[in-house]
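A closer look at the structure
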Amino acid sequence: MPHKIGFVVVSSSGHEDGFSARELMIHAPTVSGWRSPRFCRFPQEIVLQTAERCRMKKLQLLAHQYMIPSKVEFYVSERLPEPFAPPQAERFRRLGYVSLCDNEKTGCRARELKSVYVDAVGQFLKLIFHQNHANKYNIYNQVALVAINIIGDPADLGDESNIASREKLIDHYLGHSLEDPALEGSCSGKSDYISPLDDLAFDMYQDPEVAQIIRKLDERKREAARQERYDDAKKLRQALADLQKVGERLGRYEVEKRCAVEKEDYDLAKHKKRQMEQYRAWAFEQLHSLVDRELVGRPLDLPLQPLAPSGSACHRPPALPPPQGGTVTENRFADQFVPEKPPSHPLDVDQPLPPTHPPLKTQLESLPYDERPLPAVHKQPRAATVEPEKSDTDVSEAPRGAAVGEPEPLTEKALREAGSAVDVLGESLVAGAYSKSWSCREDALLTLHRQLMGTPASTPREDLKSVLRAAVFLLRRAIRDIVTPVFLASLKVLKMIVTQYIPKHKLSKLETAHCVERTIPVLLARTGDSSARLRIVASSFIQEMALCKEVKSLQLIPSYLVQPLKANASAHLAMSQMDLLARLLGDLGTDGTGFTVDNVMKFAVQALEHRVHEVRETAVRVILDMYRRHGAVVLAYLPPDDSATRKNVLYKSIFEGFAKIDGRPTAAEVRAQKKAATEEAERRKKEEIEVLQGQLAALKEMQAEVQEHEGEAVEAEAPDTLGRSAAPPGAPGVPESPGLEK
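These figures come from a predicted structure and were not determined experimentally.

Rules and cut-offs
- Residues numbered from 1 in each chain as written.
- Predicted model: local features only at pLDDT ≥ 70, side-chain atom pairs only at ≥ 80, totals over all residues.
- Heavy atoms only, no water.
- Axes fitted to C-alpha atoms, helices over the stretch in contact; angles between N-to-C directions.
- Helix = DSSP H or I, 4+ residues; strand = E, 2+ residues; numbered from the N terminus.
- Parallel < 35°, antiparallel > 145°, perpendicular 65-115°, else oblique.
- Left-handed = near helix turned anticlockwise from the far one by under 90°.
- Contact = heavy atoms within 4.5 Å.
- Nonpolar A, V, L, I, M, F, W, Y, C, P; charged D, E, K, R; others polar.
- Salt bridge = Lys/Arg side-chain N within 4 Å of Asp/Glu carboxyl O.
- Buried < 20%, exposed > 50% of the residue type's maximum accessible area, 1.4 Å probe, protein only.
- pLDDT = per-residue confidence, 0-100.
- UniProt positions renumbered as here; feature names shortened; annotations may be inferred.

**Some points on the packing of helix α18 (residues 597–607) against helix α19 (residues 613–630)**
Orientation of α18 relative to α19, taken along the N-to-C sense of each, is 150 degrees, at an axis distance of 8 Å. The pairing of α18 with α19 is recorded here as roughly antiparallel in orientation. The chirality of how α18 crosses α19 is left-handed. Along the contact surface, α18 presents V597, V600, M601, A604, V605 and A607, while α19 presents V615, R616, A619, V622, I623, M626 and H630. Class assignment of the residues belonging to the contact of α18 with α19 gives a composition of 11 nonpolar, 1 polar and 1 charged.

**Observations concerning the pattern of salt bridges**
A side chain with one charge may pair with a side chain of the opposite charge, provided their charged atoms come close. Per the stated rule, a full pass over the model turns up 30 salt bridges. D207 serves as the salt-bridge partner of R280, at 3.1 Å between the closest nitrogen and oxygen. Residue R280 is found in helix α5 (residues 266–287), and its partner D207 is found in the loop between α2 (200–203) and α3 (208–226); the two are separated by 73 residues along the sequence. Look at R280 and you get buried, because its relative accessible area is 10%. Judged by relative accessible area, which is 5%, D207 ranks as buried. The shortest N-O distance in the salt bridge between R441 and D481 comes to 2.7 Å. Taken together, the residues R441 in helix α10 (residues 438–453) and D481 in the loop between α11 (461–479) and α12 (484–505) connect sequence positions 40 residues apart. The pair formed by R441 and D481 is uniform in burial state, with each residue classed as buried. Shared partners join several salt bridges into a network, and the residues in it are E680, R683, R684 and E687.

**What to know about the confidence of the model for the protein chain**
Scored by pLDDT, the protein chain has a mean of 77; 74% of the residues are at 70 or more. Across residues 84–89, confidence stays below pLDDT 50; counting only partners more than four residues off in sequence or on other chains, it has 1 contact. Contacts for the low-pLDDT stretch residues 157–163, under 50 throughout, to residues beyond four places or in other chains number 4 contacts.

**Quick word on the environment of L125**
Locating L125 in the fold gives a position in strand β7 (residues 111–129). With relative accessibility at 0%, the residue L125 sits in the buried group. C-alpha separation for the pair L125 and R79, spaced 46 residues apart in sequence, amounts to 9.7 Å. Apart from residues no more than four positions distant in its own chain, L125 is found in contact with I46, V47, L48, M56, L59, F74, Y75, I148 and I150.

**Quick look at the UniProt feature "domain: UVR" (unreviewed entry) in the protein chain**
When the UniProt feature table is mapped onto this chain, "domain: UVR" (unreviewed entry) is found at residues 211–246. Here residues 211–246 is 92% helix and 0% strand, with 10 Å between the C-alpha atoms at its ends.

**Brief notes about unusual backbone geometry**
Put simply, F42 and P43 share a cis peptide bond, and its omega is 5 degrees. Its place among the elements puts P43 in the loop between β3 (34–35) and β4 (44–63). If you check the backbone angles, N103 has positive phi at about 70 degrees while not being a glycine. What makes N103 buried here is its relative accessible area of 1%.

And the structure:
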């Protein structure tokens, strides 16, 4: 089974003072790693020698947050070349390379943990670092490496091939394939299974002493499972889970102590040291109740040891405390920093790195072998992670006598903050609400729900008020909780208080107002949560509370919704507030509900200038709804309807909406009507012209006919004129010309 391989640093091309490559031999929360010289020449290289000749299966690199090389190449060799050997005698074989992210998306405040699978046999590993990514923090153009981890097997090819063939034969007999999803997560007995305890992420999160105990307990657990002692295995598994949290917290304390020493705050460093000793003593005392004392003896003076060539799979370097609410992936960013001052210690934030997109298989095959990149592995987040924690409690106080798996006692800061709630509800319940374990926080809220539901009606009124105010104090904290079950439990308790507890005990409206005023602002803030589900839940709950008869008469929630949008507020928060306003305005109206024409219109007009177009569109709908309800009163809050105002698309749509509500034609409809009228006039004019032209043609034809008849008459008159010339003009019996009669 592949395991962590110890190594030593053979050589390096150079280093900055205090950041030698030999730092890579130690994995601990406060290691600073290797750093290249300032303004060095590239490429830089480091050569490592493993404890024995081995088959390397997996390599892990933890990069610096801003001293990031653009590319790291890997070479492997059976032995080092001679110092004066010719270049062609170079014995290192190139495996490939990996590219590292420039870290611009995180503002150079995170470290990238890159894991790659390889299959190479050798005892020497050479890393070549290429030109650094440029950023404003890396003013000396350096590259750095915080930690490196090698996982592999001893290079006994005969035994390995036999094991592999046996596993393949068993899989073939059982009808399993390597891609069988049913085998996922159940391959602890496979020859290629890598224990999570060998992962660099585990080493960089754990106190060194606790990490060694965890590995011993893990061996005991596997041995108990093999011997079918399942009760013991279950008990050890629980001890491992609790012990990992202990190691993670001790690692955080170690980092905080180192920070205090660097700042020369020796009082704080002394306090952290004493705190670590107390917490370590308490943790081991609790652990002895689960396992025997022989296994977890306390080697308090255990030094940090390098990854020397010991060949022991049990020798593991220590680690860094885990991020709050984070998970560990194979290719990710970790350890957030303030980059203005390059620190020598890691802090505890872990953010996933967007997966790199490897080229297609056909494209890889077309590349030369030496130019093919190493495949980066993207595994699912590890299940054994610390539970989400709230940052507004003092994590620097050591627990005082709590049992493993139960809420730790309150710190001094928490006692000062929640003193009134402790006096009313008891320290046990408040300690659960302040616990680092989300399950304890949820249980505390459910316990509070049961206590409030079971409060007898004969309880004095002052005691009822005190319990109510203490519960609201805890609810404000729970509503801010990042864990969904805790948040949902807080809403359940709040709804019960408003709809059942207060009416049951006939408390005054002042108590209902106190609940609303203390919790609704926090709930409104949660409507801007990054989780869409939590945004919907928070918005729906606020709408439900606003329509509740106990809260509706107070007219408090509408007053919060018409508060002007802050310029630095998140887009989700602004959209949720506008959507809530639009929905509640439709449900409640403006008659004695807290919504008035003045406050709604001022809010909506201001929202027309918001940077998010969804907010602007919702504001337009609100204004149109107000005009539909109140008519021309809303025009006083808008600019005049002229051509200059209509150049703004939003105001143009608003005024056209007003016209549609009034039944008046909009500007577009007026233009369409004018265009239609113009076209109709032109059509009629054209028809008249055609009629006149027809009449003119008829007249011309008639004139031609007249002229033709006149010509014929003239021709007929000619001989008659000659015959009548001798007769007297008035002689009887001579008819007149027919042309003249006509």
